[in-house]
Amino acid sequence: MSVNRGDSQSFTITPDVGYHVADVLVDGVSVGAVTSHDFTNVTANQTIDASFAINIYTITVTSGANGSISPSGGVSVNHGNNQSFTITPDVGYFIADVHVDTASVGAVTSY
């Protein structure tokens, strides 16, 4: 992009849905994960370079006594991906109910 000497130029940095700004380099130097940058009083060639990263979400998995959910703990999932879980009662027990975000999904063995 051409800018007349002494003029200013603003840039807006917009990640795609499911992504975020990871870093912005201005003339090779990081200015952080900003979403805009202004060049003021331009007197030389300059560069701006934005990098993006996918959003990663954590699914927190817990189970009561006498059974398990696999995988367990904090499970990281990239934006837009799927994650399956297997719910297994211990011998002599049955699944009474499974809750996802506090809503019942029934006595299912997988989700």
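Please read all numbers here as calculations on a predicted model, not as lab measurements.

Participant: Break down the overall build of the protein for me, citing the residues and quoting the values.
Facilitator: Along the protein, the regular secondary structure elements total zero helices and 11 strands. Moving toward the C terminus, one meets the helices and strands of the protein in the order β-β-β-β-β-β-β-β-β-β-β. With the C-alpha coordinates of the protein rotated into their principal frame, the extents come out at 80 × 20 × 15 Å. When burial is assessed residue by residue, the protein has 15% of its 111 residues classed as buried. Considering only intrachain contacts with a sequence separation of at least 6, the fraction spanning at least 24 residues in the protein is 41%. Surface summary for the protein: the accessible area is close to 7800 Å², and the carbon and sulfur share equals 49%.

Participant: I'd like a rundown of the environment of Y93, residues and numbers included.
Facilitator: Within the fold, Y93 resides in the loop between strand 9 (86–89) and strand 10 (98–100). Taking C-alpha positions, Y93 is 7.8 Å from G67, a pair spaced 26 residues apart along the chain.

Participant: For the side chain of H37, give the residues involved together with the corresponding values.
Facilitator: Looking at the secondary structure, you find H37 in strand 4 (residues 36–39). Apart from residues no more than four positions distant in its own chain, H37 is found in contact with Q9, S10, F11, V26 and I48.

About the criteria used
Residues numbered from 1 in each chain as written. Predicted model: local features only at pLDDT ≥ 70, side-chain atom pairs only at ≥ 80, totals over all residues. Heavy atoms only, no water. Helix = DSSP H or I, 4+ residues; strand = E, 2+ residues; numbered from the N terminus. Buried < 20%, exposed > 50% of the residue type's maximum accessible area, 1.4 Å probe, protein only. Contact = heavy atoms within 4.5 Å. Areas by Shrake-Rupley, 256 points an atom, 1.4 Å probe, with all protein chains shown as cover.

So far we have only geometry, and geometry alone does not tell us how the molecule works.
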